[in-house]
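Coordinate analysis (summary)
Here is what each chain is made of, one letter per residue.
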Amino acid sequence: MKENLPVSRAAEILMQRDNITLLCHRRPDGDTVGSAFALYYALQMLGKEVRVLCADPLPEMYRYLYPDYTPSRVLEWPVEYVVAVDVATADLLGGLEEKYGQMVDLCIDHHPSNTDYAALTCLWAGAAACAEPAAAIIKAIGLPIAGRIAECLYTGLATDTGGFRFSNTTAATMRLAAEIMESGVDTARLNTCIFESVSKAKMLAEARMMSALQFYENDRIAVMPVTLAIRAETGVTGEELEDVAGIPRKIEGVLLGITIKEHEGECHISLRSKEPVNADQIAAAFDGGGHRFAAGCTIRASVEEAARLLVEEARKHLPKEQA
């Protein structure tokens, strides 16, 4: 790993650039979107030319973060400085990797599995969300955590911590959330947007997914398939399913929840674990990664074959049962 760039230096570099492209990861979640747009608004306040790019459409559920912004798809826009936000590996750029994968100047991230692909990396591996280093950089620039910037950062914090319920939540996470609340942001409204607004299609899809749950190893592993058939029958969109990975882990006794999202020719895997199972290690066996209790990977196989491979690998990581 190259030297980890201090926040103060990252802020200094961004202040020196006038044309900045911010990249989100594919299948964008609230943290990559929130962190990117927090930096977008901050840099705009400094008079910079800034844009946000993502290979996939930005989720409509986060439209409140960018009501007046139309994400650019014109890749020929002049490029001076490229910043990846919450992107642990270049392949997570999806369709943007071919153009930008080898030209990321700065990566702002919080994933311990970061592959150090950028020229410079500002990595807070202990942070619950990328919103935390993003907030620190914005403060180092000299701007307050308030208004739309604060709303974006809160979205990143809340989504990556499951509403501050997950074990990655730290005292620093809560202090930043408190600072955002004290700035006057209506966090109750944001929580409603994030956690309490569900479409009929998503509700029906979740019912189908939960009815298809399969259990292994004395119910310590739960596998939830999200098939193309479920998506077609319910009309649920891919972006609406970004937050369903935590469902299997909620089940009492389950140490590892595996969510398998079927796509054409491959399956996208989300792993959510409890102590002592390390989800990151399981994902690494399939060239994926993430955090200790939340990781992911991609397997080019059917849903059934992906489940077989994952359960086979997961067995190696489960604690031995007491006789």
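Below or above, wherever it landed, is the structure these notes cover. (Residues numbered from 1 in each chain as written. Predicted model: local features only at pLDDT ≥ 70, side-chain atom pairs only at ≥ 80, totals over all residues. Heavy atoms only, no water.)

Looking at the overall build of the protein
- Counting its regular elements, the protein contains 11 helices and 11 strands.
- Radius of gyration (C-alpha) of the protein: 19 Å, near the 20 Å computed for a compact globule of 323 residues.
- For the protein, the spread of C-alpha atoms along the three principal axes comes to 60 × 40 × 40 Å.
- Out of the 323 residues belonging to the protein, those deemed buried represent 52%. (Helix = DSSP H or I, 4+ residues; strand = E, 2+ residues; numbered from the N terminus. Rg over C-alpha atoms; globule rule 2.2 N^0.38 Å. Buried < 20%, exposed > 50% of the residue type's maximum accessible area, 1.4 Å probe, protein only.)

Concerning the sheet that holds strand β2 (residues 49–53)
- Sheet architecture is open: five strands sit in the order β2-β1-β3-β4-β5, paired in parallel fashion. Two strands lie at the open edges of the sheet, namely β2 and β5 (120–123), each paired on one side alone. Strand-to-strand twist of the sheet, defined as the mean angle between neighbouring strand axes without regard to direction, takes the value 20°.
- Here strand β1 (residues 19–23) runs beside strand β3 (residues 81–85); their pairing, made up of four bridges, is parallel. Note on β3: the bridge partner recorded for I20 is Y81.
- Across the face of the sheet, helix α2 (residues 30–45) comes into contact with β1, β2, β3 and β4 (106–109) while running at roughly 170° to β2. (Pairing = 2+ DSSP bridges. Axes fitted to C-alpha atoms, helices over the stretch in contact; angles between N-to-C directions. Contact = heavy atoms within 4.5 Å.)

A look at the sheet that holds strand β7 (residues 221–226)
- Strand order in the open sheet formed by six strands is β6-β7-β8-β9-β11-β10, and the pairing between neighbours is mixed. Every interior strand has two partners, whereas the edge strands, β6 (214–216) and β10 (289–290), have only one.
- When β7 meets strand β8 (residues 256–263), the two strands line up parallel, connected through six bridges. What sits directly across from M224, in β8, is T259.
- Strands β6, β7, β8, β9 (266–273) and β11 (294–299) of the sheet are contacted by helix α11 (residues 303–315), whose axis makes an angle of about 155° with β8.

Section: the pattern of salt bridges
- Counted according to the given criterion, the structure contains 15 salt bridges.
- Among the charged side chains, a salt-bridge network with shared partners connects K202, E206 and D243. (Salt bridge = Lys/Arg side-chain N within 4 Å of Asp/Glu carboxyl O.)

A few points about the pairing of β3
- Extensive coverage of β3 is indicated by the burial of five of its five residues.
- Of the two faces of β3, the one lined by Y81, V83 and V85 and the one lined by V82 and A84 are each fully buried.
- Where β3 meets β4, three bridges bridge the pair, whose relative direction is parallel. Residue V83 lies in a different strand from β4, and its bridge partner there is L106.

Describing the side chain of T21
- Looking at the secondary structure, you find T21 in strand β1.
- There is a polar contact of 3.3 Å between the side chain of T21 and the side chain of R51. (Polar contact = N/O pair within 3.5 Å; in protein donor to acceptor, adjacent residues only side chain to side chain.)

Comments concerning helix α5 (residues 147–160)
- Over its 14 residues, α5 extends 21 Å from the first C-alpha to the last, a length consistent with the 20 Å expected when each residue adds 1.5 Å.
- Within α5, 12 of the 14 residues are buried, which leaves it mostly tucked inside the rest of the structure.
- Every buried residue of α5 is listed here: I149, A150, E151, C152, L153, Y154, T155, G156, L157, A158, T159 and D160.
- In this fold, the buried residues of α5 make contact with α2, α4 (131–141), α6 (171–182) and α7 (187–195). (Expected span 1.5 Å × (residues − 1).)

Looking at the pairing of β9
- Along β9, eight of the eight residues are buried, which leaves the element largely enclosed by surrounding structure.
- Here β9 shows a buried face lined by E266, H268, S270 and R272 and a second buried face lined by C267, I269, L271 and S273.
- The pairing of β8 with β9 spans eight bridges and is antiparallel. Bridge pairing in β9 links E262 to C267.

Considerations on the packing of aromatic side chains
- Throughout the structure, instances matching the rule amount to seven aromatic pairs.
- Look at F37 and Y40: their rings are 5.5 Å apart centre to centre, the planes differ by 70°, and that puts the pair in the edge-to-face class. Placement of the pair is F37 and Y40 together in helix α2, with a separation of three residues, close to one helical turn. With respect to class, F37 is no different from Y40; both count as buried.
- Here the aromatic cluster, defined as three or more aromatic residues joined through ring pairs, consists of F37, Y40, Y41, Y66 and Y69.
- For K99, the ring lying beneath its charged end belongs to Y100, and the centroid distance is 5.7 Å. (Phe/Tyr/Trp six-rings, centres within 6.5 Å; stacked < 30°, edge-to-face > 60°. Lys NZ or Arg CZ within 6 Å of the ring centre and 35° of its normal.)

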